[in-house]
Amino acid sequence: MSELSLSAVTKSYNKGKPNEVSVLHGVDLSVDRGEVVALVAPSGAGKSTLLHISGLLDTPDSGQVLLGGEELTALSDRRRTAIRRQQIGFIYQFHHLLPEFTAEENIVLPQLANGASRSEASKRALELLGTVGLEERGDHRPAALSGGEQQRVAFCRALANQPRLLLADEPTGNLDPGTSDRVFGALMELVRGTGLSALIATHNLDLAARMDRVVKLDAGRVVPD
Ligand code: ADP
Ligand code: ADP
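No experiment lies behind these values; they were computed from the predicted model shown. (Residues numbered from 1 in each chain as written. Chains lettered and ligands numbered in written order. Predicted model: local features only at pLDDT ≥ 70, side-chain atom pairs only at ≥ 80, totals over all residues. Heavy atoms only, no water.)

With that settled, the discussion passes to unusual backbone geometry. Here Ala-8, not a glycine, exhibits a phi torsion of approximately 50°, which is positive. In the Ramachandran plot, Ala-219 falls in the positive-phi region, its phi being about 50° despite a non-glycine side chain. Along the chain, Ala-219 falls in the loop between β9 (213-218) and β10 (221-224). (Helix = DSSP H or I, 4+ residues; strand = E, 2+ residues; numbered from the N terminus.)

This is the structure in structure tokens:
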């Protein structure tokens with residue numbers, strides 16, 4: 001059973017203009033339930049575009065995007081936004097935590113926006129922080145945390161609303177190699193513990209090898225590794 005399925009997805013920027021850039025030329029890609037897939041692509045190959053389309057932050061010019069079997073490209077913006085908030089977790093290279101809030105509050109806020117009570121949200125935040133070894137750090141603001149710790153908090157935030165799909169763009173790309181390796185281990189533990197499906201873009205072939213399957217984006221299409 002596919003959790004995410006893209007078929008024949010195409011995308012150009014500046015369509016019909018002299019500076020048109022054709023990025024995706026018929027991408028077929030699926031992520032099964034509970035599967036962790038590595039997306040490997042040279043810079044400029046359209047990795048971010050592909051992640052944005054998968055996460056309903058952008059729409060393809062043609063083709064289909066299914067999440068949990070539901071076709072998403074034709075839905076209203078309002079419905080797409082609701083699905084994005086409830087069903088998809090995002091992780092970027094930089095943590096994007098809110099600096100004026102503590103680690104715990106950064107994980108609580110998306111849950112409050114999704115209708116959780118403060119006490120439920122706080123309980124879940126502390127559980128997640130425990131999973132990544134940061135149970136003692138809940139009341140620290142991001143500036144008081146190391147780069148690796150900030151990124152682990154961002155992982156917890158991405159999982160706060162129990163999404164069905166995790167999309168990550170170079171989740172440890174900002175960290176030195178040793179830290180990257182450990183922090184990636186923490187991410188895998190979180191993902192495996194929840195049975196979440198994930199599509200994780202990385203340049204790091206050692207990290208890619210720790211996932212279930214590697215796909216490459218090449219000349220606008222996805223090819224098996
Ligand atoms: P990657 O993440 O693999 O580096 P991107 O998906 O960011 O690649 O970009 C793929 C190509 O599309 C690049 O050539 C980039 O310059 C171009 N591109 C990305 N976003 C835009 C945009 N908003 N307008 C025009 N071109 C863009
Ligand atoms: P790294 O080597 O990963 O960049 P740092 O040298 O920034 O780590 O921090 C080392 C440890 O000290 C980390 O556990 C971090 O949480 C803690 N730390 C750093 N700055 C502060 C601070 N202002 N308040 C509390 N703890 C801090």
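Further remarks concern the site of ligand 1. Contacts to ligand 1 come from Tyr-13, Asn-14, Val-23, Pro-42, Ser-43, Gly-44, Ala-45, Gly-46, Lys-47, Ser-48 and Thr-49. Between Gly-46 and ligand 1, the recorded distance is 2.9 Å, taken from a backbone N or O atom to an oxygen atom. Taking Lys-47, its main chain carries an N or O atom lying 2.8 Å from an oxygen atom of ligand 1. Its free accessible area being 560 Å², ligand 1 has 59% of it covered by the protein chains. Here the element with the most residues in the shell around ligand 1 is helix α1 (residues 47-54); it accounts for three residues. Residues of the shell around ligand 1, tallied by class, amount to four nonpolar, six polar and one charged. (Near = heavy atom within 4 Å. Polar contact = N/O pair within 3.5 Å; in protein donor to acceptor, adjacent residues only side chain to side chain. Areas by Shrake-Rupley, 256 points an atom, 1.4 Å probe, with all protein chains shown as cover. Nonpolar A, V, L, I, M, F, W, Y, C, P; charged D, E, K, R; others polar.)

Taken as a whole, this structure holds 12 salt bridges when the rule is applied. The partner of Asp-58 in a salt bridge is Lys-11, and the shortest N-O contact between them spans 3.2 Å. Note that Asp-58 is positioned in the loop between α1 and β4 (62-67) and Lys-11 in strand β1 (residues 2-13), a separation of 47 residues in sequence. With relative accessibility at 9%, the residue Lys-11 sits in the buried group. For Arg-213, the salt bridge identified is with Glu-35, shortest N-O distance 2.8 Å. (Salt bridge = Lys/Arg side-chain N within 4 Å of Asp/Glu carboxyl O. Buried < 20%, exposed > 50% of the residue type's maximum accessible area, 1.4 Å probe, protein only.)

By the element assignment, Thr-202 lies in the loop between β8 (197-201) and α7 (205-208). In this structure Thr-202 comes out as buried when scored by relative accessible area, which is 4%. Within the structure, the side chain of Thr-202 is placed 2.9 Å from the backbone nitrogen of Asn-204, a separation counted as a polar contact.

As annotated by UniProt and renumbered to match this structure, "domain: ABC transporter" (unreviewed entry) occupies residues 4-223. Structurally, residues 4-223 is divided into 36% helix and 26% strand, and its ends, taken at the C-alpha atoms, are 17 Å apart. (UniProt positions renumbered as here; feature names shortened; annotations may be inferred.)

For helix α5 (residues 147-159), spanning 13 residues, the distance from its first C-alpha to its last is 19 Å, which sits close to the expected 18 Å at 1.5 Å a residue. Across the 13 residues that make up α5, a large majority, 11, are buried. Along α5, the residues classified as buried are Gly-148, Glu-149, Gln-150, Gln-151, Arg-152, Val-153, Ala-154, Phe-155, Cys-156, Ala-158 and Leu-159. (Expected span 1.5 Å × (residues − 1).)

With that out of the way, let us pick up the sheet that holds strand β5 (residues 70-71). Judged by pairing direction, the sheet is antiparallel, and its four strands sit side by side in the order β2-β1-β4-β5 without closing on themselves. Lying at the two open borders of the sheet, with one neighbouring strand each, are β2 (21-32) and β5. Relative to β5, β4 runs antiparallel, the two sharing two bridges. Residue pairing in the sheet places Leu-66 in a bridge with Glu-71 of β5. Contacting β1, β2 and β4, α1 crosses the sheet at an angle of about 125° to β1. (Pairing = 2+ DSSP bridges. Contact = heavy atoms within 4.5 Å. Axes fitted to C-alpha atoms, helices over the stretch in contact; angles between N-to-C directions.)

In this section: the side chain of Thr-172. Relative to the elements of secondary structure, Thr-172 occurs in the loop between β7 (165-169) and α6 (177-194). The exposure class of Thr-172 is buried, given its relative accessible area of 5%. Residues in contact with Thr-172, not counting those within four places in the same chain, are Phe-155, Ser-180, Val-183, Phe-184 and Leu-207.

If you check the shell around ligand 2, you find Arg-137, His-140, Ala-144, Leu-145, Ser-146 and Glu-149 and nothing else. Taking Ser-146, its side chain carries an N or O atom lying 3.4 Å from an oxygen atom of ligand 2. Between ligand 2 and Glu-149, the relevant distance is 2.4 Å, taken from an oxygen atom to a side-chain nitrogen or oxygen of the residue. Look at ligand 2: alone it shows 560 Å² of surface, and the protein chains cover 37% of it. Among the residues forming the shell around ligand 2, the class breakdown is two nonpolar, two polar and two charged.

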